[in-house]
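Survey of secondary and tertiary structure
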Amino acid sequence: MSSPPSTSSAPAPLTQTVTSDPRHGTMETYWREVRSIEEEKEGEEEDDEEEEERESIDEVELEEAWLMEAGLSSLVMGLSLEEASPPAAEALLSTLTRQQAATVRKRLDNYNETLKTRNSQPIRDVRDIFTEPDDSADRTSPPSHCAESPQSRYHTTTKTIRRNTHRVRPTLPTFLFEDQLTEHPSSLTNAHSPTNTQSPTKTQSLTKTHSPTNTLTHPTSPPHLQSVSQLRRADWLLRESPYSEGVAEHKQSGTCCDCLYFHGVDGDDLSFVPVSPSQGLTLADDLSSYDLIRLGFISHIELSTFLLTLGVQIKRTRPLQHRTRDSGVFGVPLNSLLEKDRKKFPEVKVPVVFQKLLCVLEQSGLQTEGILRVPGSAARLKYLRRELDRCCGGFDWSEVRQVDAAGLLKLFIRELPTPLLTQTHLSTYHSVLGISSVVHQVQALQLLVLLLPEANRETLKALLVFLRKVVSHQDQNKMSLWNVSMVMAPNLFSCHHHRNKFSIAKQQEEMEEAVGGAQLVQLMILHQDLLWIVPSFLLSQVRQMNQASNQKQLSLTKTKTRLLRKKNDKNDRNQITELCEGVIRVHAPLHTKVSMAIQLDGQIRAKDVTARFECDNSPAQCLYEVGGNISERRLHPDCVLMDVYRINPQCDWLIKR
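Residues numbered from 1 in each chain as written. Predicted model: local features only at pLDDT ≥ 70, side-chain atom pairs only at ≥ 80, totals over all residues. Heavy atoms only, no water.

Here we look at the pattern of salt bridges
- Here the structure, examined in full by the defined rule, presents 18 salt bridges.
- One salt bridge connects D638 with K607, and the closest N-O pair in it is separated by 2.9 Å. One end of the pair, D638, is in the loop between β8 (630-634) and α26 (641-647); the other, K607, is in helix α25 (residues 606-613), with 31 residues separating them in the sequence.
- A relative accessible area of 41% places K607 in the partly exposed class. (Salt bridge = Lys/Arg side-chain N within 4 Å of Asp/Glu carboxyl O. Helix = DSSP H or I, 4+ residues; strand = E, 2+ residues; numbered from the N terminus. Buried < 20%, exposed > 50% of the residue type's maximum accessible area, 1.4 Å probe, protein only.)

Take a look at the structure:
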């Protein structure tokens, strides 16, 4: 192996530190990073001209792509709802609110109209999918176990979808400040329905979250110096109403109740903290891949509805065709890297080489002045890249310094065949900046993150956690939140630096693009603990979709259950009745105690159940909700089980790693 190139001399003194406010911040940090990227690309084949000349997607292609991403491929392919492979469009459409259904209807109308313009026969007429509900004929009485409720906000149809949710439309929950919480706070009210998500039972202190890494709360003030009044609990995560239903007022008047609450009458931004895990919140990685697919469909429709309601326009371009490598490290898809890594580490979720780079930086670079900002030797970076591509498994990490690791980390992100934030939604991230309210920007980013493939989402999560650690050491490394955001923006978002080649207007556009990318990175670092949480209304819609998909199967199961009950003796019937009154049977196939019947009350949590199966030196295990109206969901240790039981009484309870 040839000796590595010698490193360059000590870097030039750092310029004035960029402030946390983008309006007063210098652009030198950003353009220094762009120049460093250009130097690394010297001598390599470039496709800049081709990239600049990308065409906008044809309108038919745009609408077709949107319908496919929404899980409605059967409407594009001309299949009937019965012929569609699961998840059927019928099940998906039955879960939509009226606003969400209107978005789908508008997209389908536009798709058919553009096909007619191109002298093509429309695939489906929108009237075959949506019709106005007939109030007199379509309203049926609710099931015997449900109370009478007002008309549901969810869309129903008379031609292909016959479903009645009979859900009480919830009101906005009461916002609570830390200094207003009583010693024994009462539970927040929530609508009761068979498919409702867990209603909160206890209120946790605003200064405590279930995330051990939630240390950064404001770019200019350390968390321990912030007063409690500067924090707001993200209560919107608990609502049963979608984000798109709460922003109509914002579009009309430029503000809404959320804006006033989270920004105040003076417009000052306040930090958000997650609500208590005991209130039934679910992280994206707590769900099975089966449920994540359905979550993606609904999130995609809700995001479009949300932005449309806010009046935010999205321009999508045709994705570039990137060359994909099958070997090495750089330029290899994340899934390909994970497939190789899982042969040795079956449970790994983030590529090992990415974790190694973060580890080197955390061990030796968090207190180094100018970490991520000060570039290393371009020649040495190319050498290390070749060595990693050649023998990643046998690579000597001891020779990698923090400045090298920082350059390799950013290079790894830039060289991904598909951007870490995905090419499909990259322009949508920039559209988020068109929203005037930070709280609604965070909600849009949350929906976008839920649309990421699992590998991208987990890698982004690891990156944001690391960047927050860098900012937490800003007194030593001189890297403020805004500095870090300016450095990472050209690596996460495509940047075009034309120097003095174009007009002043073009240069101004470059400046706006630079600041916009940095603002997005800043938002994601600052509010990262909220990005991975599945809002209650989305989980409810996933449950409804599963329930609609399994309706026939559940009907057969109930018939078989009734037949079996007739054959069982009286004791068995009494046992079944007892289990229906709050008794669950928890299965633990890996334990000596295979199963256990547990009587639920309002206090039993998931950790209380797992503790009954623990023994000395046993690995940590979790309780899962399996079946019923969910495929599989890992429960947070503080989750109240009675809430889960009420929502999904037909589920099984399983303990596993």
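A look at the packing of aromatic side chains
- Tallying each qualifying case throughout the model produces six aromatic pairs.
- Plain terms: the ring middles of F354 and F412 are 5.5 Å apart, the flat faces sit at 50° to each other, and that makes the pair tilted. Here F354 is found in helix α12 (residues 352-364), whereas its partner F412 is found in helix α14 (residues 402-414), with 58 residues between them in sequence.
- In this structure F354 comes out as buried when scored by relative accessible area, which is 0%. (Phe/Tyr/Trp six-rings, centres within 6.5 Å; stacked < 30°, edge-to-face > 60°.)

Describing the sheet that holds β8
- As summarised here, the arrangement of the five strands in space is β6-β5-β9-β7-β8, forming an open sheet in which the pairing is mixed. Of all strands in the sheet, those with a lone pairing partner are β6 (595-599) and β8, marking the two edges. Going across the sheet, the axis of each strand differs from the next one's by a mean of 25°, ignoring polarity.
- Note: strand β5 (residues 583-587) against β6, five bridges, orientation antiparallel. (Pairing = 2+ DSSP bridges. Axes fitted to C-alpha atoms, helices over the stretch in contact; angles between N-to-C directions.)

With respect to the nonpolar core
- If you look at the biggest cluster of nonpolar residues, it comprises 130 residues, and the most contacted ones within it are W236, L372, Y429 and F466.
- Excluding residues within four positions of it along the chain, Y429 makes contact with L421, L445, L448, V449, L452, F493, L520 and M524.
- V586, A588, A606 and F613 belong to the second-largest nonpolar core, a separate cluster that totals 21 residues. (Core = buried A, V, L, I, M, F, W, Y, C linked by side-chain atoms within 4.5 Å. Contact = heavy atoms within 4.5 Å.)

Some details on the packing of helix α10 (residues 289-310) against helix α22 (residues 536-549)
- The contact between α10 and α22 brings their axes to 9 Å, and the two run at 120°. Viewed along their axes, α10 and α22 adopt a mutual orientation that is oblique. Crossing of α10 over α22 shows right-handed handedness. Seen from α10, the contacting residues are Y290, D291, R294, L295, F297, I298, S299 and E302; seen from α22, they are F537, L538, Q541, V542, M545 and N546. (Parallel < 35°, antiparallel > 145°, perpendicular 65-115°, else oblique. Left-handed = near helix turned anticlockwise from the far one by under 90°.)

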